[in-house]
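Listed here are the chains, written in short residue letters.
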Amino acid sequence: MPGPTVVTGASGFIGAHVTAQLLDAGYYVKGTARGAKLQLLKAVFGSTKNFEAVEVNDIVSGDLAPTLSGVNAIIHLASPLAGRQAPEDALNSAIEGTLNLLRHAVKAGISKVVVTSSWATTLNPSLAATFAGVTFTEKDWGNTSREDLLTDGRTPLYVYCGTKILAELAGWEFATKHRDLDLATINPPFVYGKPIDGLATGGGITSLGSNALIYQLIAGEPGRPLPFQLPPYYCNVRDVARAHVLALQLPKLSAEADVRDKRFIVAGPGALLWEDAVKVLQDKRTALKDRLPTLENAPPLPGPLSKVDTTRAREVLGMKDYVGWEDTLLETIDALLEVEKSWK
């Protein structure tokens, strides 16, 4: 088991779950955050003797040497959410944040690094291949460029997916040139579930992260149409966190191996389609019936739903079981209803 581990973005949705699972497994964790999040992090995890909250205000160009001192491994989760920054700023944050961390890791003699990426790196940022009847694997990559992402009219989701592609590619290119670096990426689709209590800041739908997509099902005028059907692939946040912890424990690749052999798609079984989700909520959360969209005239899917292949995560990481979509949906809805109370 590695010694002290840095978790960047430890106050975030996934980062907090990674931190909790590492602590449960006996790791010493240095969790990074900035601003008000730092104090929340201390309040939630500070009573644990194996936890240290560290302020990192600039992961893009800051000096990370003090944070990485005495550390054996890094899990890098700090990254901008869709729509939170102007496209160019989001690009620079995602790419340079990753590269700055990897450069400092190599300089500090830290080889073990796990980076949170996304399933969205396996297809073009339009996400059109979702409904093309194909199968996504770790060998697939989306095609984009800085110029493409800075084109006028690109949606925040398009830019976010594109920045994930370019940031992950930059990380693997760096690892190819620095073979002492033992890099792994975890590539989930949309991540849902119950957040760790005590780390929320702000209010309203913008504070919900990816759970805001589920919140659409219970927010709005009665009788409204279903939300636009995004790719229905999902992974429960606890499973995503578990994958990061398992990746830390993998042995280093042989010198002859493809440096990208530790790229892992993790996703729950089946698909979380909005129409099916509403039916479950009608049945299992009857008190919400007046808050749900109508199922009348629900549009068909635009094409045959593609599949996400999680074979490598199962065979190499040991990710054999996942929380299913119905349990993930209900867990998320119940958590959102609790969050709502804090807004009033």
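Draft legend 1. Inspection of the pairing of strand β7 (residues 182-187) at higher detail. Extensive coverage of β7 is indicated by the burial of six of its six residues. A two-sided burial pattern is seen for β7, the buried positions comprising D182, A184 and I186 on one face and L183, T185 and N187 on the other. Inspection of the sheet shows strand β5 (residues 112-116) paired to β7 by five bridges, in the parallel sense. Paired with T116 across the strands is I186, a residue of β7.

Draft legend 2. Looking closely at empty space enclosed by the protein. The full count for this structure, using the stated rule, is five cavities of 30 Å³ or more. The computed volume of the largest cavity comes to approximately 120 Å³. Elements supplying a minimum of two residues to the lining of the largest cavity: α4 (87-107), β5 and α6 (156-177). Looking at which element gives the most residues to the lining of the largest cavity, the answer is α6, with four residues. One number sums up the size of the second largest cavity: a volume of about 60 Å³. If you go around the second largest cavity, the residues you meet are R179, L181, D182, L183, K252, L253 and V259. Classifying every residue of the lining of the second largest cavity gives four nonpolar, no polar and three charged.

Draft legend 3. Layout of the side chain of N187. The topology assignment puts N187 in strand β7. Side-chain polar atoms of N187 contact the side chain of T121, separated by 3.2 Å. Excluding residues within four positions of it along the chain, N187 makes contact with S117, S118, W119, T121, E168, R263, F264, I265 and V266.

Draft legend 4. Structural detail: the nonpolar core. Counting residues in each nonpolar core, the largest one holds 38 residues, and the members touching the most others are V7, V18, L22, I75, I186 and L317. Looking at this core element by element, the count peaks at seven residues for helix α8 (residues 237-248). In this structure, I186 is in contact with V114, V115, T116, S117, S118, V240, A243, H244, A247, F264, V266 and L317, ignoring residues within four places of it in sequence. In this structure, L68, I95, L149 and L166 belong to the second largest nonpolar core, which totals 29 residues.

Calculation rules
Residues numbered from 1 in each chain as written. Predicted model: local features only at pLDDT ≥ 70, side-chain atom pairs only at ≥ 80, totals over all residues. Heavy atoms only, no water. Buried < 20%, exposed > 50% of the residue type's maximum accessible area, 1.4 Å probe, protein only. Helix = DSSP H or I, 4+ residues; strand = E, 2+ residues; numbered from the N terminus. Pairing = 2+ DSSP bridges. 1 Å grid on protein atoms, 1.4 Å probe; cavity = no way out; pocket = protein on both sides within 12 Å on 5 of 7 lines; lining within 4 Å. Points joined across faces, edges and corners; volume = space filled by probe spheres on them. Nonpolar A, V, L, I, M, F, W, Y, C, P; charged D, E, K, R; others polar. Polar contact = N/O pair within 3.5 Å; in protein donor to acceptor, adjacent residues only side chain to side chain. Contact = heavy atoms within 4.5 Å. Core = buried A, V, L, I, M, F, W, Y, C linked by side-chain atoms within 4.5 Å.

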